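Structural overview
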Amino acid sequence: MPPTTSQAAAADDLASKIMIALDVSSADEARRVAGELAGYNVIYKIGLQLFSSAGHAIVEEFVGNGHRVFLDLKFHDIPNTVAQASIAASRLGVWMFNVHALGGGAMLRAARYAVDNEQAVNGTKRPLIVAVTVLTSSAEDTLNEIGITSDPKAQVLRLAILAKSSGMDGVVASAHEVPLIKSEIGADFLTITPGIRPKAATKDDQERVMTVKDALANGSDFLVIGRPVLEAEDRRSAFESMLNAGAAE
Ligand code: C5P
C-alpha cells in the first residue's frame, strides 16, 4: 500500500533529523550517496574517512549545494589547537562540528569562545558545537581498559554536564542515555545518537545500539545512520524502510 499523505509528511519530517554518515573514501562516492537520497532534507556527516580522502573541498561542495553538514572530526588537542581548528571549521560553513568532551573544560570553552569570536568579527554563522561523550562502540570493558571505572551511563552524564557548563550545544551519546541527559540537563540540550540499527540487524562494531523508533521515543534529536544505508544494495530503499519504520504509529 502506498503511504498516506500524513505518513509521507511524517517521514519527511523525520528525514530532517537523520544524519547520514558519509563514511566513504572518495568525493564521487559521497556525491553518489547524496544523489541516491536526493529530495530528503537529511544532514550529511563528514567524518575522518571522507575528510582524509577528499579534504575540505568536499565539505565546501556539500555546504555549497545547500546541505546541512556535520563535520565529525572529533577535535581533541590542546585548547589553542582546538580553537584554531574550530575557526577553520566555522569558515567552511558547516552547520555543526564536534570535539571530544574528554579534552576537558578548558578545551571545550576555547572551542566555543573561538567560534563566538569568529562570528562577532567576521559575521560567519556560528556552527553548533557538540561534544562526544563515550563512543557508541565502547562498552564497560573498553572504559575499564583505559582506566575509567564508572559505567558508560555515569561517564556519559559526567561528560554531558561538563559539556553543558562549557558552552556546548549538545552531546554525542547513545540513544540509551538520552532520557538521563534530558532529565538532568534539560530538554533543549541537543543529543546526537549514532549506533542506530534496524530491528535485528548486525551491530557491526557498535555496542550501544537502538532502532530509529526507540531512539525517537527516548527523545534523541538527531540520529546518525551509516552502514545500514551505505552498505545496502539499494540505499534509497534501505533508508526509506528505516524512515517508515521510525515514522510508523
Ligand atoms: O555505520 P554506523 O551507522 O555505525 O556509523 C556511525 C557513525 O557515527 C560513524 O561515522 C562513526 O564515526 C560515528 N560516531 C559513532 N559514535 C560516536 C560518534 C560518532 O559511531 N560516539
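The rules behind these values
- Within every chain, residues take consecutive numbers counted from 1 along the sequence as written.
- Predicted model: local features are reported for residues with pLDDT of at least 70 only, side-chain atom pairs are reported and counted for 80 or more only, and whole-chain, interface and lining totals are derived from all residues.
- With hydrogens and water excluded, all non-hydrogen atoms of the structure serve as input to the side-chain values.
- Helical segments are the DSSP runs of H or I of at least four residues, strand segments are the runs of E of at least two, and each set is numbered from the N terminus.
- We take the radius of gyration over the C-alpha atoms and set the globule estimate at 2.2 Å times the residue count to the 0.38 power.
- Burial classification: accessible surface area is computed with a 1.4 Å probe over protein chains only, and a residue below 20% of its type maximum counts as buried, one above 50% as exposed, and the rest as partly exposed.
- Residue contacts are defined here by distance: any two heavy atoms, one from each residue, within 4.5 Å place the two residues in contact.
- Reported accessibility uses the Shrake-Rupley method at a 1.4 Å probe radius. Residues are deemed covered only where the shown protein chains occlude them.
- Only four residue types enter the tally: Lys and Arg on the positive side, Asp and Glu on the negative side, with His and both chain ends excluded.
- Charge positions come from single atoms, namely NZ of Lys, CZ of Arg, CG of Asp or CD of Glu.
- Any residue with a non-hydrogen atom lying within 4 Å of a molecule or strand is treated as near it.
- Any N or O atom pair separated by 3.5 Å or less is treated as a polar contact, with the protein-specific requirement of one donor-capable and one acceptor-capable atom, and with residues adjacent in sequence counted only for side-chain atom pairs.
- Pairing between strands requires that DSSP locate at least two bridges from one strand to the other.
- To obtain an axis, a line is fitted to C-alpha atoms, over the contacting stretch when the element is a helix, and the angle between two such axes runs from 0 to 180 degrees between their N-to-C directions.
- For classification purposes, an angle smaller than 35 degrees is called roughly parallel, one larger than 145 roughly antiparallel, one from 65 to 115 roughly perpendicular, and anything else oblique.
- Gly is put with the polar residues, along with every residue not named as nonpolar or charged; the nonpolar set is Ala, Val, Leu, Ile, Met, Phe, Trp, Tyr, Cys and Pro, and the charged set is Asp, Glu, Lys and Arg.
- Buried Ala, Val, Leu, Ile, Met, Phe, Trp, Tyr and Cys residues form a nonpolar core when they are joined through side-chain atoms within 4.5 Å.
- Every case where a carboxyl oxygen of Asp or Glu lies within 4 Å of a side-chain nitrogen of Lys or Arg is listed as a salt bridge.
- For this analysis, a ring pair means two rings from Phe, Tyr or Trp (six-membered ring only for Trp) whose centres lie within 6.5 Å, classed as stacked if their planes differ by under 30 degrees, edge-to-face if by over 60, and tilted for the remaining angles.

What follows deals with the overall build of the protein. Assigned secondary structure in the protein consists of 11 helices and eight strands. For the protein, the C-alpha radius of gyration of 18 Å lies close to 18 Å, the compact-globule estimate for 249 residues. By the burial criterion, 49% of the 249 residues in the protein qualify as buried. Pairs at least 24 residues apart make up 67% of the contacts formed inside the protein by residues separated by at least 6 positions. Accessible surface computed for the protein: about 11500 Å², of which carbon and sulfur atoms make up 51%. Distance between charge centres in the protein, computed from 23 positive and 30 negative side chains, equals 4 Å.

Contacts to the ligand come from 16 residues, most closely from Asp23, Lys45, Arg197, Gly226 and Arg227. A distance of 2.7 Å separates an oxygen atom of the ligand from a polar side-chain atom of Lys45. Protein chains shield 89% of the accessible area of the ligand, which is 470 Å² for the free molecule. At the level of secondary structure, the elements contributing two or more residues to the shell around the ligand comprise strand 3 (68-75), strand 8 (222-225) and helix 10 (227-230).

Turning next to the sheet that holds strand 7 (residues 190-193). With respect to topology, eight strands assemble into a closed barrel ordered 1-2-3-4-5-6-7-8, the strand pairing being parallel. Between one strand and the next, the sheet's axes are offset by a mean angle of 25°, whatever the strand orientation. Pairing of strand 4 (residues 96-100) with strand 5 (residues 128-132), which is carried by five bridges, proceeds in the parallel orientation. Its bridge partner being in strand 5, Met96 is matched across the sheet by Leu128. Here helix 4 (residues 79-91) sits on the sheet and contacts strand 3 and strand 4; the angle it forms with strand 3, its principal contact strand, is near 165°.

For the pair helix 2 (residues 27-36) and helix 3 (residues 48-64), interaxial distance at closest approach is 9 Å and the crossing angle is 50°. In terms of axis orientation, helix 2 runs oblique to helix 3. Taking contact as the criterion, the partners of Ala27, Ala30, Arg31 and Ala34 in helix 2 are, on helix 3, Leu50, Ala54, Ile58, Glu61 and Phe62. Of the residues contributing to the contact of helix 2 with helix 3, the split by class is seven nonpolar, no polar and two charged.

Here we take up the nonpolar core. In terms of nonpolar packing, the biggest core is built from 62 residues, with Ile18, Leu71, Phe97, Val99 and Phe239 touching the most fellow members. Not counting residues up to four positions away in its chain, the partners in contact with Leu71 are Ile46, Phe51, Val59, Ala89, Leu92, Val94, Met96, Phe97 and Asn98.

Counting across every chain of the model gives 18 salt bridges. Residues Lys45 and Asp72 are paired through a salt bridge, measuring 2.5 Å at the closest nitrogen-oxygen approach. Of this pair, Lys45 sits in strand 2 (residues 43-47) while Asp72 sits in strand 3, placing them 27 residues apart in sequence. A residue is classified by how much of its surface remains accessible, and Lys45, at 7% relative accessible area, is buried.

Under the counting rule described, the total for this entry stands at four aromatic pairs. Between Trp95 and Phe222 the ring centres are 5.3 Å apart and the planes differ by 85°, which places this aromatic pair in the edge-to-face class. Here Trp95, found in the loop between helix 4 and strand 4, pairs with Phe222, found in strand 8; they are 127 residues apart in sequence, far enough to count as distant. Under the relative-accessibility criterion, Trp95 is labelled partly exposed at 22%.

So, on to the side chain of Thr136. Looking at the secondary structure, you find Thr136 in the loop between strand 5 and helix 6 (140-145). Here Gln206 takes part through its side chain, which lies 3.0 Å from a polar atom of the side chain of Thr136. Look past the residues within four positions of Thr136 in its chain and what remains in contact with it is Ala173, Ser174, Pro194, Gly195, Gln206, Glu207 and Arg208.

Let us look at the packing of helix 1 (residues 5-15) against helix 11 (residues 235-247). Contact geometry for helix 1 and helix 11: axes closest at 9 Å, N-to-C directions at 110°. When the interaxial angle is binned, helix 1 and helix 11 end up roughly perpendicular. For the pair helix 1 and helix 11, the contacting residues are Ala10, Ala11, Leu14 and Ala15 in the first and Phe239, Leu243, Asn244, Gly246 and Ala247 in the second. Its residues assigned to classes, the contact of helix 1 with helix 11 shows seven nonpolar, two polar and no charged.

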